[in-house]
Amino acid sequence: MNTNRLSKTIEEALNAQMTKEAHAAQIFLSLGSWADSHAFSGVANFLFRHAQEERNHMMKILEYILKRGGRVKITAIPDPLPDPKNLQHCFESVFQQEVDNTSSIYKVVKLSLTEEDWATWNFMQWFVKEQTEEETLAIELLDKIKVAGNEHSALYSFDRDIASKPDDAILAQDITADKP
């Protein structure tokens, strides 16, 4: 008896997204290693935490595929990006990675809507919200780096502050008149 509740196209799309999450983890590990080698230990810590978060996303998708009776396919992960030129370029790479990942997630959401796979559509909504948070956080950090410019004391403060910055961003839908 076939217990797979995923269509072949949904299963392939989820497996591809799982690999994309693993690739994101590698990118963040690579960027974190670069940051640490340039004495930005706070930035490195932040990026290492985000690498772990991406691995957790990969595992969520892996578990979902298995629990829906699908077949997980582990494939090679592409090489991470080349080293950034500077801290701003590093976070521009973070932002671009998140935008690319969002686009990929939207494709899975659209496919699940088209196929009327409501379980997968519902599952993917968590990722939609997560990507909104990730993009917001990356934009906020890029804004801070732009303000700091190349001033060493400002970059030092940025590095110190990001070490303890929460990994979540406040989303527009969570804002109220009492809590702007």
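Residues numbered from 1 in each chain as written. Predicted model: local features only at pLDDT ≥ 70, side-chain atom pairs only at ≥ 80, totals over all residues. Heavy atoms only, no water.

A.B. asks: Would you take a moment to explain the overall build of the chain for this structure?
C.D. replies: Within the chain, the secondary structure is distributed over 5 helices and 0 strands. If you list the helices and strands of the chain from N to C, you get α-α-α-α-α. With the C-alpha coordinates aligned to their principal axes, the bounding extent of the chain is approximately 65 × 45 × 20 Å. Considering only contacts within the chain whose residues lie at least 6 apart along the sequence, 81% involve residues at least 24 apart. Entry remark: accessible area of the chain is about 10100 Å², with carbon and sulfur atoms responsible for 55%. Charge separation in the chain, taken as the distance between the mean sites of 19 positive and 28 negative side-chain charges, equals 5 Å. (Helix = DSSP H or I, 4+ residues; strand = E, 2+ residues; numbered from the N terminus. Contact = heavy atoms within 4.5 Å. Areas by Shrake-Rupley, 256 points an atom, 1.4 Å probe, with all protein chains shown as cover. Lys, Arg positive; Asp, Glu negative; His and termini not counted. Charge placed at Lys NZ, Arg CZ, Asp CG, Glu CD.)

A.B. asks: What is the right way to look at the confidence of the model for the chain in this model?
C.D. replies: For residues with low pLDDT, the predicted coordinates do not support detailed interpretation. Confidence in the prediction for the chain averages 93 pLDDT; 98% of positions are at 70 or higher. Averaged pLDDT values over the elements of the chain bottom out at 80 in helix α5 (residues 152-162) and peak at 98 in helix α1 (residues 8-37). (pLDDT = per-residue confidence, 0-100.)

A.B. asks: Would you mind showing me how to read α1 here?
C.D. replies: Since the α-helix advances by 3.6 residues per turn, residues separated by three or four positions end up pointing in the same direction. Taking 1.5 Å of rise per residue, the 30 residues of α1 would be expected to cover 44 Å, and the 44 Å separating its terminal C-alpha atoms lies within 8% of that figure. Positive backbone phi, approximately 70 degrees, marks A39, located one or two places after α1. (Expected span 1.5 Å × (residues − 1).)

A.B. asks: What's the story with the packing of aromatic side chains in this structure? I'm lost.
C.D. replies: Aromatic ring pairs are defined here through the distance separating the ring centres and the angle between the ring planes. On inspection of all chains with the given rule, the structure shows 5 aromatic pairs. Through successive ring pairs, a cluster of aromatic residues spans Y64, F123, W126 and F127. Above the ring of W126, the side-chain terminus of K60 is found at 4.5 Å from the ring centroid. (Phe/Tyr/Trp six-rings, centres within 6.5 Å; stacked < 30°, edge-to-face > 60°. Lys NZ or Arg CZ within 6 Å of the ring centre and 35° of its normal.)

A.B. asks: Any chance you could explain the nonpolar core here in plain terms?
C.D. replies: A general trend in soluble globular proteins is that nonpolar side chains are found buried together. Ranked by internal contacts, the top residues of the largest apolar core, which has 25 residues, are V43, L47, L87, F91 and F158. Here this core gets 6 residues from one element, more than from any other, and that element is helix α4 (residues 118-148). Membership of the second largest hydrophobic core comes to 17 residues, among which are Y64, V72, F123 and V128. (Core = buried A, V, L, I, M, F, W, Y, C linked by side-chain atoms within 4.5 Å. Buried < 20%, exposed > 50% of the residue type's maximum accessible area, 1.4 Å probe, protein only.)

A.B. asks: How do you make sense of the environment of K73 when you look at a structure like this?
C.D. replies: Looking at where K73 falls in the secondary structure, it is placed in the loop between α2 (41-67) and α3 (87-114). In sequence terms K73 and A163 are 90 residues apart; their C-alpha atoms lie 35 Å from each other. Apart from the residues within four sequence positions on either side, K73 is in contact with N15 and M18.

A.B. asks: Please clarify how empty space enclosed by the protein should be interpreted in this entry.
C.D. replies: Where empty space is left can be seen by rolling a probe of water-molecule size over the atoms. What the rule picks out here adds up to 1 cavity of 30 Å³ or more. Size it by volume and the largest cavity reaches roughly 60 Å³. Looking at the lining of the largest cavity, the elements with two or more residues in it are α2, α3 and α4. The element that contributes the greatest number of residues to the lining of the largest cavity is α4, accounting for 4 residues. The class makeup of the residues in the lining of the largest cavity is 7 nonpolar, 1 polar and 2 charged. (1 Å grid on protein atoms, 1.4 Å probe; cavity = no way out; pocket = protein on both sides within 12 Å on 5 of 7 lines; lining within 4 Å. Points joined across faces, edges and corners; volume = space filled by probe spheres on them. Nonpolar A, V, L, I, M, F, W, Y, C, P; charged D, E, K, R; others polar.)

A.B. asks: Is there a simple way to explain unusual backbone geometry in this structure?
C.D. replies: For A39, which is not glycine, the phi dihedral falls at a positive 70 degrees. Assignment of secondary structure puts A39 in the loop between α1 and α2. Phi is positive for E116, which is not a glycine, with a value near 55 degrees. Position of E116 relative to the elements: it lies in the loop between α3 and α4. Owing to a relative accessible area of 55%, E116 belongs among the exposed residues under this scheme.

A.B. asks: Sorry if this is basic, but what is going on with the packing of α2 against α4 here?
C.D. replies: Two quantities define a packed helix pair, namely the angle between the axes and the distance from one axis to the other. In contact at an axis separation of 12 Å, α2 and α4 are set at 170 degrees when each is read in the N-to-C sense. The angle between α2 and α4 falls in the class roughly antiparallel. Of the residues in α4, those touching α2 at F46, H50, E53, H57, K60, I61 and Y64 are A119, T120, F123, W126, F127, E130, E134, L137 and L141. Among the residues forming the contact of α2 with α4, the class breakdown is 9 nonpolar, 3 polar and 4 charged. (Axes fitted to C-alpha atoms, helices over the stretch in contact; angles between N-to-C directions. Parallel < 35°, antiparallel > 145°, perpendicular 65-115°, else oblique.)

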